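# Commentary on secondary and tertiary structure
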Amino acid sequence: MASHNMTKEKWIELFSEIGLTEEQMHTWHRAFEKRYPDEHQAFLEWLNIPADDISMIRTESSS
Amino acid sequence: MFTGAEKNMYTIGRVVKRFGIARSTLLYYDSIGLLKPSGRSSAGYRLYSEKDVKRLALIMTYRDAGLGLTEIMDVLDSGNDTSVSILEKQLRDLNRDISNLRRQQQQIVRLLKNMGALKKTRAMNKDMWVSILRASGMSDDDMKRWHREFERMAPEAHQDFMESLGIPEREIGAIRTWAAKNSEQSKSK
């Protein structure tokens, strides 16, 4: 059981709410992946994202 | 005593096999009154009914959730309100354990850093986090807004997230109080 109810959708909503564009979110993933790949993985797991989706996100972030 | 009814009953061996638990565990559950088999075969062997088996399935579920046997008994034999409060307490305890583990994790990170041998920990800290937010073009104001929205949308996750960054308890408290106050102001305007 997760100790929080944060989800990927809510996280995106949070970022959109403060005015981040899709492109900025992509830049954010890229920076995350490039600087701290293991932590990027851990963060995506924290959001309870399924393993397949995580590897997809990470592949996209490293392009 | 059981004659025709034995067909619908489970022997202790079948229960052991089905649940993959030890025979001695079932005997112990019987002795403490957590799970008493409803019947006995003519030879005196324990027989579990469908209802007993369902109760055992629940016991296993609660055991997986980390409840102690006494608590499991309370949950099974009392009303919904008691169950909810027992489970809520368990959740609070787990959250506290997670916080403690996080503190230990951060402490080890500090120790390793001091030893000049920081290994891969997967633990982020505040500086790392801020650096990637900046890299994606967020200003200090944006980050403040992010805290406000985070607190408004998902206060527990906000707390959890900051703990995972190893931010000290006091600072987390201050950030959350500030965020809660300011998000109300911005809404009431």
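One can find the structure itself at the top, above this paragraph.
First things first, this report covers the structure right here in the doc. Bear in mind the structure is a predicted one, so any value in this text is a computation, not a measurement.

### Regarding the overall build of chain A
Scanning chain A for helices and strands turns up four helices and zero strands. Listed N to C, the secondary structure of chain A is α-α-α-α in terms of helices and strands.

### Section: helix α3 (residues 37-46) of chain A
Residues and elements named next belong to chain A. Counted residue by residue, α3 has seven buried out of ten residues, so it is predominantly covered. Along α3, the positions that sit buried rather than exposed are Glu39, His40, Gln41, Ala42, Phe43, Leu44 and Trp46. Taken from the residues just after α3, Asn48 is the one with a positive phi, measuring 60°.

### Some remarks on helix α2 (residues 23-31) of chain B
Residues and elements named next belong to chain B. Of all the residues in α2, the buried ones are Thr25, Leu26, Tyr29 and Asp30. Down the axis of α2, the smallest arc covering the buried residues is 140°, so these residues share one side. Contacts made by the buried residues of α2 are with α1 (12-19), β2 (39-40), β3 (46-48), α3 (50-64) and α4 (69-77). Where α2 ends, the next residue or the one after it, Gly33, has phi of about 80°, a positive value.

### Overview of the packing of aromatic side chains
For the coordinates displayed, the defined rule picks out 23 aromatic pairs over all chains. A ring pair is formed by Trp28 of chain A and Phe43 of chain A, whose centres lie 5.6 Å apart and whose planes are at 85°; its orientation type is edge-to-face. With Trp28 of chain A in helix α2 (residues 22-35) and Phe43 of chain A in helix α3, this residue pair connects regions lying 15 residues apart in the sequence. The same class applies to Trp28 of chain A as to Phe43 of chain A, namely buried. Taking the centre distance of 6.0 Å and the plane angle of 50° together, the rings of Phe150 of chain B and Phe161 of chain B count as tilted. Within this pair, whereas Phe150 of chain B is found in helix α7 (residues 140-153), its partner Phe161 of chain B is found in helix α8 (residues 155-164), the two being separated by eleven residues in sequence. The same class applies to Phe150 of chain B and to Phe161 of chain B, which are both buried. Through pairs of rings, three or more aromatic residues link up here, namely Trp11, Phe15, Trp28, Phe32, Phe43 and Trp46 of chain A together with Trp129, Trp146, Phe150 and Phe161 of chain B.

### Brief notes about the packing of α3 of chain A against helix α4 (residues 51-61) of chain A
Residues and elements named next belong to chain A. Between α3 and α4, whose axes approach to 10 Å, the crossing angle comes to 140°. Taken as axis vectors, α3 and α4 run oblique relative to one another. Handedness of the crossing formed by α3 with α4: right-handed. Where α3 approaches α4, its residues Pro37, His40, Gln41, Leu44 and Glu45 are matched on the opposing element by Ile54, Ile57, Arg58 and Ser61. Partitioned by chemical class, the residues of the contact of α3 with α4 number four nonpolar, three polar and two charged.

### Examining the environment of His4 of chain A
Positionally, His4 of chain A belongs in the segment before α1 (8-17). Along the primary structure His4 of chain A and Trp46 of chain A are separated by 42 residues, whereas in three dimensions their C-alpha atoms are 9.3 Å apart. If we ignore the near neighbours within four places in the chain, the residues touching His4 of chain A are Trp46 and Asn48 of chain A together with Glu156, Ala157 and Asp160 of chain B.

### A word on the pattern of salt bridges
Two side chains of opposite charge can pair, provided their charged atoms sit close to one another. All names here are of chain B. Inspection of every chain in the model, using the stated rule, returns 16 salt bridges over all chains. Among the ionic pairs, Arg55 bridges to Asp77, the shortest N-O distance being 3.1 Å. In this pair, Arg55 is assigned in helix α3 and Asp77 in helix α4, connecting sequence segments 22 residues apart. Arg55 sits in the partly exposed class, given a relative accessible area of 22%. Several salt bridges share partner residues, and in doing so they unite Lys89, Asp93, Arg96 and Asp97 into one network.

### A closer look at the nonpolar core
Trp11 and Phe43 of chain A together with Trp129, Trp146 and Phe150 of chain B are the most contacted members of the largest nonpolar core, which totals 37 residues. When residues of this core are traced back to their parent elements, those giving at least two are α1, α2, α3 and α4 of chain A together with α6 (126-135), α7, α8 and α9 (169-188) of chain B. Beyond its immediate chain neighbours, meaning those up to four positions away, Phe150 of chain B contacts Met6, Trp11, Leu14 and Trp46 of chain A together with Pro155, Ala157, His158 and Phe161 of chain B. Listed in part, the 21 residues of the second largest apolar core include Phe19, Ile21, Val53 and Val75 of chain B.

Basis of the calculations
- Residues numbered from 1 in each chain as written.
- Chains lettered and ligands numbered in written order.
- Predicted model: local features only at pLDDT ≥ 70, side-chain atom pairs only at ≥ 80, totals over all residues.
- Heavy atoms only, no water.
- Helix = DSSP H or I, 4+ residues; strand = E, 2+ residues; numbered from the N terminus.
- Buried < 20%, exposed > 50% of the residue type's maximum accessible area, 1.4 Å probe, protein only.
- Arc of directions from axis to C-beta.
- Contact = heavy atoms within 4.5 Å.
- Phe/Tyr/Trp six-rings, centres within 6.5 Å; stacked < 30°, edge-to-face > 60°.
- Axes fitted to C-alpha atoms, helices over the stretch in contact; angles between N-to-C directions.
- Parallel < 35°, antiparallel > 145°, perpendicular 65-115°, else oblique.
- Left-handed = near helix turned anticlockwise from the far one by under 90°.
- Nonpolar A, V, L, I, M, F, W, Y, C, P; charged D, E, K, R; others polar.
- Salt bridge = Lys/Arg side-chain N within 4 Å of Asp/Glu carboxyl O.
- Core = buried A, V, L, I, M, F, W, Y, C linked by side-chain atoms within 4.5 Å.

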